[in-house]
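Now for the letters of each chain:
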Amino acid sequence: MNFKHLFIYLFLLSGYTAFGQSTDSLPVISYDSYQEYEIGEVSVLGASFTDENAIVSLSGLKVGDRITIPGDRFSKAITKLYKLGLFTQVRILKSKQIGDVVYLTIEVQERPRLSKYNFTGVRKGQTESLNEKLEPFLIKGSSVTTNTKQNAINAIKKYYREKGFLDVEVSVAEAMDNEKTNSIALTFNVQTKDKVKIKDIQFVGNEEVKSSKLRRKMKNIHRKSKIFAKSRLVSKEYDEDKTAIIDYYNTIGYRDALISGDTIWRNDDGELMIRINLEEGTQYFFRNITWKGNTIHDNKVLSSYLGIEKGDVYNKELLDQRLHYSPDGRDVSSLYLDDGYLFFRVDPVEVAIDGDSIDIEMRILEGPQATIDKVDIRGNTITHEHVIRREVLTRPGNKFSRSDIVRSQRQIIALGFFDPEKMAMNTPINQERGTVDIEYVLEEKPSDQLELSAGWGGYSGVIGTLGFQFNNFSLRNVTNRKAWHPLPKGDGQKLSIRAQTNSRFYQSYNFNFTEPWLGGKKANSFSLGAQYSKFDRSLFSQGVLAIGSIYTGLGTQLKWPDDFFILSATMNIENIVLQDYAYGGFYYNGQGVSNGRFNNFSLRLNLARSTIFEPTFPRSGSRISVTAQLTPPYSFFNKLNYNGDISIQDRFHWLEYHKWRIDAEWYATLVGKLVFKASAKMGFLGYYNKEVGISPFERFELGGDGLSNQTIGIQGKDILSLRGYEVSDIAVNSNSIGGGNIFNKYSLELRYPISLEQNSTIFVLAFLDGGNSWLGGKNYRPFDLRRSSGLGLRVFLPMFGLLGFDYGFGWDKPSLITQGAKWTEFGKFSIVLGFEPD
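Keep in mind it's a predicted model, so treat the numbers as computed, not measured. (Residues numbered from 1 in each chain as written. Predicted model: local features only at pLDDT ≥ 70, side-chain atom pairs only at ≥ 80, totals over all residues. Heavy atoms only, no water.)

Draft legend 1. Geometry of the packing of aromatic side chains. Using the criterion set out here, one finds 31 aromatic pairs in the structure. Taken together, the ring pairs connect Y506, F535, Y581, F586, F598 and F697 into an aromatic cluster. The side chain of R330 reaches across the aromatic face of Y305, ending 4.1 Å from its centre. (Phe/Tyr/Trp six-rings, centres within 6.5 Å; stacked < 30°, edge-to-face > 60°. Lys NZ or Arg CZ within 6 Å of the ring centre and 35° of its normal.)

Draft legend 2. Focus on the pairing of strand β27 (residues 596-610). Pairing of strand β24 (residues 565-579) with β27 involves 14 bridges; the strand directions are antiparallel. When the bridges of β27 are listed, L567 appears paired with L607. Across eight bridges, β27 lies against strand β28 (residues 621-630) in antiparallel orientation. Looking across to β28, one finds that A608 is bridged to S625. (Pairing = 2+ DSSP bridges. Helix = DSSP H or I, 4+ residues; strand = E, 2+ residues; numbered from the N terminus.)

Draft legend 3. Spotlight on helix α4 (residues 124-134). Where α4 is concerned, the buried positions are Q126, L130 and L134. Burial along α4 is one-sided: seen end-on, the buried residues are contained in an arc of 75 degrees. Along α4, exposed side chains directed more than 90 degrees from the buried face belong to G125 and E128. Elements in contact with the buried residues of α4: β5 (113-120) and α5 (146-161). (Buried < 20%, exposed > 50% of the residue type's maximum accessible area, 1.4 Å probe, protein only. Arc of directions from axis to C-beta. Contact = heavy atoms within 4.5 Å.)

Draft legend 4. Region of interest: the side chain of S408. The residue S408 is located in helix α12 (residues 402-414) in this model. Filtering out sequence-adjacent residues up to four positions away, S408 remains in contact with E391, V392, L393, T394 and Y440.

Draft legend 5. Representation of the nonpolar core within the structure. In terms of nonpolar packing, the biggest core is built from 29 residues, with L545, I576, L578, V593, F598 and F697 touching the most fellow members. Leave out the neighbours within four places in its chain, and F598 touches E574, N575, I576, L578, V593, I648, Q649, F652, H653, L655 and F697. Listed in part, the 23 residues of the second largest apolar core include I39, L58, L61 and V102. (Core = buried A, V, L, I, M, F, W, Y, C linked by side-chain atoms within 4.5 Å.)

Draft legend 6. Representation of the packing of α4 against α5 within the structure. Viewed as axis vectors pointing N to C, α4 and α5 meet at an angle of 130 degrees, and their least axial separation amounts to 9 Å. With respect to their mutual orientation, α4 and α5 come out oblique. The crossing of α4 and α5 is right-handed. Contact residues: α4 offers Q126, S129, L130, K133 and L134, while α5 offers A152, A155, I156, Y159 and Y160. Residues that form the contact of α4 with α5 fall into these classes: seven nonpolar, two polar and one charged. (Axes fitted to C-alpha atoms, helices over the stretch in contact; angles between N-to-C directions. Parallel < 35°, antiparallel > 145°, perpendicular 65-115°, else oblique. Left-handed = near helix turned anticlockwise from the far one by under 90°. Nonpolar A, V, L, I, M, F, W, Y, C, P; charged D, E, K, R; others polar.)

Draft legend 7. Representation of the sheet that holds β5 within the structure. Across the sheet, three strands lie side by side as β5-β7-β6; this open sheet has mixed pairing. For this open sheet the edge positions go to β5 and β6 (169-176), each flanked by a neighbour on one side alone. Ignoring which end each strand starts from, the neighbouring axes of this sheet average 20 degrees apart. Contacting β5, β6 and β7 (183-191), α5 crosses the sheet at an angle of about 30 degrees to β7.

Draft legend 8. Quick look at the sheet that holds strand β10 (residues 272-279). If you walk across this open sheet you meet the three strands as β8-β10-β9, and the pairing is mixed. Pairing within the sheet leaves two strands with one partner each, and these edge strands are β8 (198-204) and β9 (258-266). With strand direction ignored, the average angle separating the axes of adjacent strands in the sheet is 15 degrees. One ladder, built from six bridges, connects β8 with β10; its direction is parallel. Within β10, the position partnered with F203 by the bridge is I276.

Draft legend 9. Representation of the side chain of N471 within the structure. Position of N471 among the secondary structure elements: in strand β19 (residues 462-473). Since its relative accessible area comes to 10%, N471 is described here as buried. Reaching out from N471, the side chain makes a polar contact with the side chain of Q469 at a distance of 2.7 Å. Excluding residues that lie within four positions of it along the chain, N471 makes contacts with F417, S447, D448, Q449, G492, Q493 and K494. (Polar contact = N/O pair within 3.5 Å; in protein donor to acceptor, adjacent residues only side chain to side chain.)

Draft legend 10. Inspection of the packing of helix α2 (residues 52-59) against helix α3 (residues 72-83) at higher detail. Two elements in contact, α2 and α3, have axes separated by 8 Å at closest approach and are oriented at 130 degrees. By the angle class used here, α2 and α3 are oblique. Contact residues: α2 offers I55, L58 and S59, while α3 offers A77, K80 and L81. Among the residues forming the contact of α2 with α3, the class breakdown is four nonpolar, one polar and one charged.

Draft legend 11. Structural view of the environment of Q629. If you trace the backbone, Q629 turns up in strand β28. Sequence spacing of Q629 and P396 is 233 residues, and the spatial spacing of their C-alpha atoms is 43 Å. Ignoring any residue separated from it by four or fewer positions in sequence, one finds Q629 in contact with S602, L603, R604, Y657, H658, K659 and E698. Of note is the side chain of Q629, whose polar atom sits 3.3 Å from the side chain of S602. A polar contact of 3.0 Å, which involves the side chain of Q629, links it to the side chain of Y657.

So, in structure tokens, the structure goes:
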């Protein structure tokens, strides 16, 4: 159909209304004799929804044309109009004749138009999905043909068959819509019947690989016996699984393996049976690997990066990975691409096959080095460009480097301002100039967090929390009123303010500001903060605890051993006031610490290395941190007699200790989206002077859900979660001891994401934990751990931070061991609010 006819056809569908007269008196053209006429007029009858002018134009009959009656002009015109699919009947009538001038009328009977459609036998949740599937076929106001209905039925059947309902039956019923002229409503009756599951998947011809292993390579199609796996047959997924089987054979040397055929049938119970016929062929091995065309790196260097030796099993996938891209950076291409050779190419050619041995020749085209011309950043609608550029290692004028691009992408993601799933990168090349442009395409995501709650606690009075954290704050634009949306943003600074009150019983105020690039030229961070908390239990004769502190810190990114290391130093001045306090569990040598004013002046040094660039849901990388928190050794230069009769207030008026922490965690993607996490934490609180002893403050309290001191009102300790256990389940936390000075904690987790959208990150996890705390080196038993296991859920909402829970079973709870409690009595819920517990 040419453009002219297409244009006319669109007018036919436009539905202009026309009024026609009765055709009872119109004569039918006689075909008894041949005679030539001139067309004087062409009119249309019966077209209520179709444009009359378009019908006339598409018929090919024009006023002034000379036609022969009878002739083929009428039959061609009728055929053209029928092909439109808009009419059930088309006739051409002679309305009148004056001399040799004939007046024609095209009479049509229009097909009914679709007004609406619905379903029966369909669950409510599936209706929206079905509507999407039927959009290409069912358009309201369009003509309803047999093909239209059949296409819709086929789409519905396909939808249900992909869900395992292979025996689904679909019928359609028409009903005139009395509310609209010449319109019908369609009702699709769906009978899904039972799901048809796969009883068995059999393999024939597999002598070297067990059938069970081949079935595990099928990620989409499973037998019904497999736990948590869907058992259904979808053609596209089945084809993908067959390809995966051959790909696996290729990785173990069977490069000629193929599927010679497959059979699918139903057994007597109606279940599916699948039989796949295999031809494994010969297992091949690498023999001689030679290099050709390399002038920059010699054969020995290239072979060491390739890492494939003579006699290794032939593996095309591994060969491609070692040549082009390996996640660990040990591939041949990285040697060249990280040194500017953007046009580098290597082609492995099989030059000889001798029995089961293959000789490979690596043909290299090194090409010239490429220089970066422009670096563009797009999509940063909130974050100022300089914040992004200082994280980017690709600079104009530098040689092209693939590793710099990968690192730059990771560092941009680590900012937390952009959606990692939407990040893209373009590298347009100018071969004539030998340059390349780097373009980072970003999409901002919400990064600020708000905490707001209020209520009436009855006897305790007003309960409320107001807090906000701006992770992309801009201090320099505070005086610029136009930049307030609602606060100035875009410079990557962090501002956090939080206030919490439980009326007279508890109050807490926190402030923190961090500048990650002090001065704007180097990654030197500056932080400043203050906090004050007061826990008042005097109404219950348990006294008052108040702690106030001010701290400031500096950090810098190191160049050695590599630039993943960060060194920071924080100076903290803290004042602790106790007034008849008998609720917090501070003890020294079995004696409770309930009164006094204590000062804690410390320097905290931290050396950390992190290769984790996705803070919300890490999938790879590691983080290790070594921390030392030191106070001056006051006892070395003051004149106090610590062996004499000295009060606890005087002994610890200025706290004296050295405190050490080692924290490590590691992430790896196992398969698909399943992520494995392993972590270890260890701590030690020591003293300079044995006569002074272990400080009653700054100890480790292991157990519970590890919620922050701001939430539970207990400070002066490191509070560490141990899922499945209460604080009281750890012996060293008893009222006569007051926490340990040594702790070990280990954790293993399997994590699986449900959603990784920018507006919500949701994942589930299963965990194994083990940990314990001790007071005194003589009591330290590193293998005496309190073990637990369980399940958890995490939800990260940009506006509110991290929310979640864990349900853990403590396998070594005292009540289980000594009292024989039921298994239902040693499970414990732990709440996660705002951050992952320590």
